[in-house]
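Residue-level structure breakdown
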Amino acid sequence: MANEIEGLSFEQKHGKSRVRVGKIWRKEDGSHFFVEWNVNISLLSDCLPAYVRDDNSDIVATDTMKNTVYAKAKECSEVLSVEEFAIELGKHFTTLYPQVTTAIINIVEKPWERVSVGGQPHQHGFKLGSEKHTAEAIVKKSGAVRLTSGVEGLAVLKTTQSGFEGFVRDKYTALPETRERMLATEVSASWKYVFESLPNIPVKSPYFTEKYLDVKKVMLETFFGPPKEGVYSASVQSTLYQMARAVLSRFPDVASIQLRMPNLHFLPVNLPNKDSPTIVKFNDDVFTPTDEPHGTIEASLSRSWSRM
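Here the structure is a predicted model, which is why all the values come from computation and not from measurement.

What counts, and at which threshold
Residues numbered from 1 in each chain as written. Predicted model: local features only at pLDDT ≥ 70, side-chain atom pairs only at ≥ 80, totals over all residues. Heavy atoms only, no water. Domains from an automatic or database assignment. Buried area = accessible area lost by both parts, 1.4 Å probe. Salt bridge = Lys/Arg side-chain N within 4 Å of Asp/Glu carboxyl O. Polar contact = N/O pair within 3.5 Å; in protein donor to acceptor, adjacent residues only side chain to side chain. Helix = DSSP H or I, 4+ residues; strand = E, 2+ residues; numbered from the N terminus. Nonpolar A, V, L, I, M, F, W, Y, C, P; charged D, E, K, R; others polar. Core = buried A, V, L, I, M, F, W, Y, C linked by side-chain atoms within 4.5 Å. Buried < 20%, exposed > 50% of the residue type's maximum accessible area, 1.4 Å probe, protein only. Contact = heavy atoms within 4.5 Å.

Side note on the domain arrangement of the protein chain
According to the domain assignment, the protein chain consists of domain 1 (11–143) and domain 2 (153–192 + 200–307). Taking the mean C-alpha position of each, domain 1 and domain 2 sit 31 Å from one another. Buried area between domain 1 and domain 2, both sides added, is near 750 Å², and the carbon and sulfur share of it is 57%. The largest share of the area that domain 1 buries against domain 2 comes from Glu 84, Glu 131 and His 133, three residues that together contribute 57% of it. For the pair domain 1 and domain 2, the interface holds 1 salt bridge. A salt bridge links Glu 131 to Lys 216, with the nearest nitrogen and oxygen atoms 2.8 Å apart. Linking domain 1 to domain 2 there are 1 residue pair in polar contact (both at pLDDT 80 or more). Mapped onto the side of domain 1 that touches domain 2, the elements with two or more residues apiece are helix 3 (82–96) and strand 8 (132–140). Ranked by residue count, the leading element in the side of domain 1 that touches domain 2 is helix 3, at 3 residues. Residue composition of the side of domain 1 that touches domain 2, grouped by class: 2 nonpolar, 2 polar and 4 charged.

In structure tokens form, the structure reads like this:
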């Protein structure tokens, strides 16, 4: 938060980062549910004397924040989503401490997935998946809230139905135009919900877990298209926009979405020989995978009223 000190503007916040916690819920039927969270906390608080007068009486120790994560996880008797846990932490810090005006809680959920053995879901066995579920809750003492969910590391690839033509060409351009190439990317997306106060947050569990799965499903369906014929991508930019538009069209409780989609290149390997001296681009079956350097495409799409 901002303060005036001797004619200067001073802003500060403090917190605890990378607090790792695992939580097991044991059901009456013998099945277990497991999550692993990496929690980051930032508090905006009225603790100026600690900076300018060596007075720590208003400081919430970062070690206390770490211990709070474990204590609040212990209190959770029912399975809850990463979004719900972020909100619980934000409410705790802004309610318990008078000097804390805002709590910013960022959590990354590690993708532990239940395994199946012999076609049956295992009651207590899990394997590590790929993409990560993220959440950010910004909770103010007034009860105002801004809640964001997201996914990181969603790697997708299609071997056809992609091209890139008509782009700017100059003396530095070597890239050929094509209507036939592979398209691979690693999607990072975050979407902000319309809820603006704690009383408006849905309390029906597993609301946010289902929403996360549904948003991810819509993005994948848009990227790939129908199972047999697929859908043509004129550029990563075009596909990104269609994915963002599909999410806002399907989910009225999402106010905005931001996507970042770097190119993961698969460069055709074409070795000319005496029988075939011509190198054919983009239509062979052997490739060199590379992601350095890579193009980075990112954009956000918001409902008009959410930008006001």
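Picking up after the structure, the text goes on.
A word on the nonpolar core
Core analysis: the largest hydrophobic core is formed by 59 residues, its most contacted members being Trp 37, Val 39, Phe 85, Trp 191, Met 219 and Leu 259. Considering each element in turn, this core owes the most residues, 7 residues, to helix 5 (residues 236–250). A domain split of this core shows at least three residues from each of domain 1 (11–143) and domain 2 (153–192 + 200–307). Setting aside chain neighbours within four positions, we find Trp 191 in contact with Leu 147, Thr 148, Ser 149, Gly 150, Val 151, Tyr 212, Val 215, Met 219, Val 254, Ser 256 and Ile 257.

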